[in-house]
Amino acid sequence: MSLTIAPPPPSILTDDARAELSRAVVQLETVSLAARIAGMVGTPVEALRSRLPSGVQSMLDGAVRKALASAMQAALKASPSANPTPFPTAWFHRGLAAATGAAGGALGLPGTLVELPISTTLLLRQIAAIAAEHGEDLADPLVAAECLKVFALGGRDARDDAAESGYFAVRVALAEAVKGAVGKGMAGMLLPGFLGPIAARFGGPVALKISAQAAPLIGAAGGAAINLAFLEHFRGVAQGHFTVRRLERLHGPDAVKTAYEAIAATRDARFMA
């Protein structure tokens, strides 16, 4: 006689966990970076997209891949939350982001292309610091992959089909991409093929950044503001993503996904009413 053991029921989220998850839904499902950049320069998003010269558009994918690769090599070497100044950490990183954006904006398109790997590294260090705050092991190459995924999760476009661009849909697509991308014989380094799907999504916001900072009237002040917008946006996405992952470890992926989708559906219905 065989005994069939039913699987345990999914964990029920506490009120505190649901409140955290609600904040994560807002951070992950609100696509506002493009609109913020367009508002800063007073130019519609579509006009910004078409402003880039064709030669720059063709090289953008390679530039984004190189920026992500160099950021990956540099960002996690030291403690990503390190702060050598007496100022609060958040203001220290805001200052760095503003300074690099100002330098890039002051020199127009050439300066922005040179600044891109530096600002991407600053972003990735902030993402990694948030991951560590949520209990992630930064020495694990799979966690490094999760940090990179934030660029794709935060690079979604408001024109995307909702069924294909929702948080869990993007996670599933990226999970397929990461299979085999962690080289066991390469000291746990991520293989270059994983950068393709990340660069494809991150390239949208980067194109807007480059086209905005290349405008003659934007200059240093505009470059600083755009970099701060990037920093706040991807910080929020990272907080949402690693909140979800921490709750999944505590309550199980199925329970968190069910609760997340219910919260998102309620939020969407409120906006459509």
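Keep in mind that what you see is a predicted model, and the values were worked out from it rather than measured.

Draft legend 1. Summary view of the overall build of the protein chain. Scanning the protein chain from terminus to terminus reveals 12 helices and zero strands. Considering only residue pairs separated by 6 or more positions, the protein chain has 78% of its internal contacts joining residues 24 or more positions apart. Looking at the protein chain as shown, the accessible area adds up to about 13,300 Å², and 63% of this sits on carbon and sulfur atoms.

Draft legend 2. The confidence of the model for the protein chain, seen in detail. Of all residues in the protein chain, 62% attain a pLDDT of 70 or more, and the chain-wide mean is 74. Between residues 184–188, whose pLDDT stays under 50, and residues either more than four places distant or in other chains, the model counts four contacts.

Draft legend 3. Summary view of the environment of Gln73. Mapped onto the secondary structure, Gln73 falls in helix 4 (residues 54–75). Residue Gln73 is classed as exposed on the basis of its relative accessible area of 51%.

Draft legend 4. Molecular detail of helix 7 (residues 141–153). With 13 residues, helix 7 extends 18 Å from end C-alpha to end C-alpha; this agrees with the ideal 18 Å at 1.5 Å per step. In terms of burial, helix 7 is largely enclosed, as 11 of its 13 residues are buried. By the burial criterion, the buried members of helix 7 are Val143, Ala144, Ala145, Glu146, Cys147, Leu148, Lys149, Val150, Phe151, Ala152 and Leu153.

Draft legend 5. Layout of the pattern of salt bridges. Counted under the stated rule, the structure contains seven salt bridges. The shortest N-O distance in the salt bridge between Arg171 and Glu248 comes to 3.1 Å. Here the residue Arg171 occupies a position in helix 9 (residues 167–178), and Glu248 occupies one in helix 11 (residues 219–251), the gap between them amounting to 77 residues. Accessibility expressed as a relative area gives 12% for Glu248, which makes it buried.

Draft legend 6. Molecular detail of the nonpolar core. Within the largest apolar cluster, 62 residues are counted, with the highest numbers of intra-cluster contacts made by Leu21, Leu68, Phe151 and Val244. Among all residues touching Val244, those that are not within four sequence positions of it are Leu21, Ala24, Leu28, Tyr167, Phe168, Arg171, Val256 and Tyr260.

Draft legend 7. Summary view of the packing of aromatic side chains. Following the criterion strictly, the structure yields seven aromatic pairs and no others. Members of the aromatic cluster, each reached through a chain of ring pairs, are Phe151, Phe202, Phe230 and Phe234.

Draft legend 8. Broad picture of the environment of Leu28. Relative to the elements of secondary structure, Leu28 occurs in helix 1 (residues 15–29). Residue Leu28 is classed as buried on the basis of its relative accessible area, which comes to 3%. Separated by 139 residues in sequence, Leu28 and Tyr167 have C-alpha atoms that sit 6.5 Å apart. Setting aside residues up to four positions removed in sequence, Leu28 forms contacts with Arg156, Tyr167, Val237, Gly240, His241, Val244 and Tyr260.

Draft legend 9. The side chain of Glu136, seen in detail. Tracing the backbone through its elements, the reader meets Glu136 in the loop between helix 6 (108–133) and helix 7. At 2.7 Å, the side chain of Glu136 and the side chain of Arg245 are in polar contact. Of the polar contacts made by the side chain of Glu136, one reaches the side chain of Arg249; its length is 3.0 Å.

Draft legend 10. Structural view of the environment of Leu21. Tracing the backbone shows Leu21 in helix 1. Judged by its relative accessible area of 0%, Leu21 is buried. The spacing of Leu21 and Val244 is 223 residues in sequence and 6.8 Å in space, taken between C-alpha atoms. Non-local contacts of Leu21, meaning those with residues more than four positions away in its chain, are made with Leu13, Val244, Leu247, Val256, Ala259, Tyr260 and Ile263.

Here is what the cut-offs are and how they apply
- Residue numbers restart at each chain and count upward from 1, following the sequence in its written direction.
- The predicted nature of this model means local features are confined to residues of pLDDT at least 70 and side-chain atom pairs, given and counted, to a pLDDT of 80 or more, with totals for whole chains, interfaces and linings taken over all residues.
- Side-chain measures here rest on the full set of heavy atoms in the structure, leaving out hydrogens and waters.
- Helix and strand labels come from DSSP, where a helix needs a run of H or I of at least four residues and a strand needs a run of E of at least two; each type is numbered from the N terminus.
- In this analysis, two residues are considered to be in contact whenever any of their non-hydrogen atoms come within 4.5 Å of each other.
- Where accessible areas are quoted, they stem from the Shrake-Rupley method and a 1.4 Å probe; at the residue level, only the protein chains shown are allowed to cover.
- The predictor reports its confidence for every residue as pLDDT, a score running from 0 up to 100.
- Relative accessibility decides the category of a residue: with a 1.4 Å probe and only protein chains considered, values under 20% of the type maximum give buried, values over 50% give exposed, and everything between is partly exposed.
- Multiplying 1.5 Å by the residue count of a helix minus one yields the expected span of that helix.
- Whenever Lys or Arg places a side-chain nitrogen within 4 Å of a carboxyl oxygen from Asp or Glu, that contact is recorded as a salt bridge.
- In plain words, nonpolar cores are sets of buried Ala, Val, Leu, Ile, Met, Phe, Trp, Tyr and Cys residues tied together by side-chain atoms within 4.5 Å.
- Here the aromatic set is Phe, Tyr and Trp, taking the six-membered ring for Trp, and pairing holds for ring centres within 6.5 Å; pairs whose planes are under 30 degrees apart are stacked, those over 60 apart are edge-to-face, and all others are tilted.
- The term polar contact refers here to a pair of N or O atoms within 3.5 Å; inside protein, the definition further demands a hydrogen-donor-capable atom paired with an acceptor-capable atom, and it admits residues adjacent in sequence only when both atoms are side-chain atoms.

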